Amino acid sequence: MNMPLIQTKNLKKYFRTQKGDLHAVDNVNIDINKGKTLGVVGESGCGKSTLGRVILRLLEPTFGEVIYNGNDIIHLNQKQMNNIRQKMQIIFQDPYASLNPRMTVSEIIAEPIKVCKIIKDKEELNQRVFDLMKIVGLDYRFINTYPHEMDGGRRQRIGIARALALNPEFIVCDEPVSALDVSIQAQILNLMMDLQEDHGLTYMFITHDLSVVKHISDEIMVMYLGQCVEKAPSEELFANPLHPYTQALLDAIPIASLKERDKLRKIIKGEVTSPINPKPGCRFASRCFHVTAECKNDGLGLVEVSQGHYVSCILHK
Amino acid sequence: MKVIYKTDSDTICAVNGIDLILDKEQTLGIVGETGAGKTTTALSILRLLPQDIGEITEGQIIFEGKDLISAKESDMRKVRGEKISMIFQDPMTSLNPVLTVGQQLYEALELHNTQNKSKSQLEARVDEMLELVGIPKNRKREYPHQFSGGMKQRVVIAIALACSPVLVIADEPTTALDVTIQAQVLAMMSELKNKLGMSMILITHDLGVVAQNCDKVAIMYAGEIVENGIIEDIFEGVNHHPYTEGLFGSIPDLTRSTKRLNPIDGLMPDPINLPAGCTFHPRCPKCMDICRTKKPEPFSFGSHVIKCHFVQNSNQ
């Protein structure tokens with residue numbers, strides 16, 4: 001086994017609120033090997049974006065370790081962190097909000113290079129921007145346009161080019177395609193898979209749509225209210241989903257075929273409950289079809305049911 | 001029907017000659033990418049195009065035997081909300097943040113109060129509508145920001161249905177929602193549609209949503225309907241417009257394990273400057289010489305209509 005590129009140990013992030021602690025990320029352990037993709041799936045408010053940000057130290061964790069290439073990065077100082085950040089980048093969810101409207105495409109892509117003072121020669125910098133635009137499939141004629149002149153798919157390509165500018169090893173992709181049309185989604189997903197092959201990138205891919213991560217992920221983690229409820233290799237998770245929440249997520253995807261039309265689908269009721277001071281026991285219990293009195297007891301943890309397949313549920317203890 | 005938007009410098013051809021028929025108690029799905037003219041079509045039916053910019057240049061919109069284009073503004077106001085209502089895409093912005101949800105529902109009922117109901121009768125109707133969409137009636141004194149995205153969309157649906165309309169136009173009602181909440185809202189909408197006997201136009205870019213909810217489908221591209229038919233034609237038919245095939249290729253298939261998706265290359269053409277001939281030809285994998293010069297005529301197999309030279313040639 002090779003060493004994981006990125007690893008978290010008992011990572012926790014609580015936000016202080018007036019009503020009490022908001023458990024955004026609660027005891028999450030992940031490890032991603034080099035060149036692999038971990039898909040993180042869950043509904044709005046389950047803490048997936050927070051997890052991505054804590055790993056990059058855009059938010060400071062409350063407890064736990066983030067280990068990058070064997071080194072704990074939580075205790076690094078500003079300067080050391082700046083060096084590490086060049087290797088870790090993020091692609092944001094909303095291509096409409098994550099680009100500065102007052103900068104042209106070339107300025108946006110060149111900015112990380114300028115900030116890190118990697119290329120000082122102007123000619124060379126232009127060449128690098130040009131290369132990056134070519135890699136992500138942006139036509140050169142867009143070099144002096146502003147983001148508002150472009151459509152969502154092209155803007156997301158700018159976001160990807162900016163993330164690639166420093167030759168990172170690890171990229172957190174925070175719902176990069178959820179704001180895009182299906183046909184453009186497919187283009188961007190294909191692009192990201194190509195880039196992974198060509199540059200040996202490692203991804204953490206955050207999304208709420210299980211169908212999106214199926215192609216791109218090697219391993220998938222399902223999150224609910226800050227906790228990991230199921231983790232398995234991609235194929236295994238789709239073939240054999242064990243946690244009731246994973247099953248519900250799969251059931252909720254509308255399928256583009258008439259065969260499933262009249263099938264009665266089990267739709268989970270209700271919404272995510274408040275993550276502020278959660279009750280002990282399984283956090284999904286209030287929406288679960290298989291809830292028993294035992295679910296309210298504490299002490300549930302991830303159990304390995306088969307090779308690499310972990311689930312946290314009373315049914316699989 | 002044709003619609004153009006006029007700006008200072010350009011004329012944008014948003015909708016270029018479309019024909020749609022929707023029968024009573026049926027659901028029509030309009031599918032297409034951003035910029036295909038789906039929302040413009042919906043706004044035209046309600047005559048809600050931006051004044052002095054949007055203009056319907058040709059065609060008719062016939063609703064219950066009457067032409068809506070020549071109707072007076074005062075008559076139109078009676079149609080909107082009462083006969084035809086609309087559910088907008090983004091529940092976060094389509095509610096008024098400074099009014100409680102109860103007040104917003106009451107407002108719709110009060111404006112269309114043709115039977116001179118008393119205030120308490122209207123209030124009772126507000127409670128009834130909220131319960132219908134699964135919101136406890138004691139929450140009517142709360143403001144939109146106190147609701148989650150899914151709950152807000154339920155409020156929007158309650159307002160749209162408050163006056164028991166004959167036709168509901170739902171413009172991407174679930175695009176902004178999580179998959180689990182999307183499933184809840186769609187299930188509720190089709191249940192209410194059957195209960196109240198409404199017709200519905202469902203605008204979406206998700207073919208999965210269409211397959212689960214519609215009776216008829218129209219695929220729109222660059223302001224034209226390139227393919228339409230009943231649901232079986234689109235999902236189980238043999239012949240398809242290459243654009244429809246591209247849309248299906250873009251959806252990740254959960255049942256098969258393929259490594260790659262097959263998207264359509266390129267982007268939607270600029271509506272200011274549409275290509276000659278078939279508007280899809282620059283992106284089409286089956287493009288022939290004739291496609292570059294001549295607009296394809298509708299070619300039909302019973303209820304299934306396709307506008308494509310390739311399909312036409314291979315079936316003659």
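Quick summary incoming for the structure in this document. (Residues numbered from 1 in each chain as written. Chains lettered and ligands numbered in written order. Predicted model: local features only at pLDDT ≥ 70, side-chain atom pairs only at ≥ 80, totals over all residues. Heavy atoms only, no water.)

## What to know about the pattern of salt bridges
In step 1: This structure, assessed with the given rule, holds 19 salt bridges over all chains.
In step 2: Put simply, A:Glu43 and A:Arg287 hold a salt bridge, and the shortest N to O gap is 3.0 Å. Separated by 244 residues along the polypeptide, A:Glu43 in the loop between strand 4 (37-41) and helix 1 (48-55) and A:Arg287 in the loop between helix 9 (244-252) and strand 12 (303-306) bring together distant segments of the chain. Like A:Glu43, the residue A:Arg287 is buried in the burial classification.
In step 3: Note that B:Lys38 and B:Glu172 form a salt bridge whose closest N and O atoms lie 3.7 Å from each other. Of this pair, B:Lys38 sits in helix 1 (residues 38-45) while B:Glu172 sits in the loop between strand 8 (167-171) and helix 6 (179-196), placing them 134 residues apart in sequence.
In step 4: Residue class for B:Lys38 comes out buried when judged on its relative accessible area of 5%.
In step 5: By relative accessible area, which is 7% here, B:Glu172 ends up buried.
In step 6: Each member of the salt-bridge network shares a partner with another, and the members are B:Arg47, B:Glu73 and B:Arg80. (Salt bridge = Lys/Arg side-chain N within 4 Å of Asp/Glu carboxyl O. Helix = DSSP H or I, 4+ residues; strand = E, 2+ residues; numbered from the N terminus. Buried < 20%, exposed > 50% of the residue type's maximum accessible area, 1.4 Å probe, protein only.)

## Some details on helix 6 (residues 182-199) of chain A
Residues and elements named next belong to chain A.
In step 1: The first and last C-alpha atoms of helix 6 sit 26 Å apart over 18 residues, in line with the 26 Å expected at 1.5 Å per residue.
In step 2: Helix 6 sits mainly inside the fold: 14 of its 18 residues count as buried.
In step 3: Directly after helix 6, the chain includes Gly-200, whose backbone phi takes a positive value near 60 degrees. (Expected span 1.5 Å × (residues − 1).)

## Brief notes about the environment of B:Ile87
Residue and element names in this part refer to chain B.
In step 1: Tracing the sequence through the fold places Ile-87 in strand 7 (residues 84-87).
In step 2: Exposure remark for Ile-87: the relative accessible area of 1% places this residue in the buried category.
In step 3: Counting along the chain gives 70 residues from Ile-87 to Ile-157, while the straight-line C-alpha distance between them is 6.2 Å.
In step 4: Each residue touching Ile-87, except ones within four places of it in the same chain, is listed here: Gln-153, Val-156, Ile-157, Ala-160, Val-168, Ile-169, Ala-170, Asp-171, Pro-173 and Met-189. (Contact = heavy atoms within 4.5 Å.)

## Structural notes on helix 3 (residues 101-111) of chain B
In step 1: Burial in helix 3 of chain B covers these residues: B:Val101, B:Gly102, B:Gln104, B:Leu105, B:Tyr106, B:Ala108 and B:Leu109.
In step 2: Contact partners of the buried residues in helix 3 of chain B: helix 4 (119-132) and helix 5 (149-161) of chain B.

## Remarks on the sheet that holds strand 9 (residues 202-207) of chain A
Residues and elements named next belong to chain A.
In step 1: Here we have eight strands laid out as an open sheet, ordered 7-8-9-4-10-11-13-12, and mixed in their pairing. Since the sheet does not close on itself, it has two edges, and those belong to strand 7 (88-91) and strand 12, each with one partner. Between one strand axis and the next, the sheet turns through 20 degrees on average, direction left out of account.
In step 2: The pairing of strand 4 with strand 9 spans five bridges and is parallel. By the bridge assignment, Val-40 is partnered in strand 9 with Ile-206.
In step 3: Relative to strand 9, helix 1 is tilted by about 150 degrees, and along the sheet it contacts strand 4, strand 7, strand 8 (170-174), strand 9 and strand 10 (219-224).
In step 4: Relative to the sheet, helix 9 contacts strand 4, strand 10 and strand 11 (227-233), its axis offset from that of strand 10 by approximately 105 degrees. (Pairing = 2+ DSSP bridges. Axes fitted to C-alpha atoms, helices over the stretch in contact; angles between N-to-C directions.)

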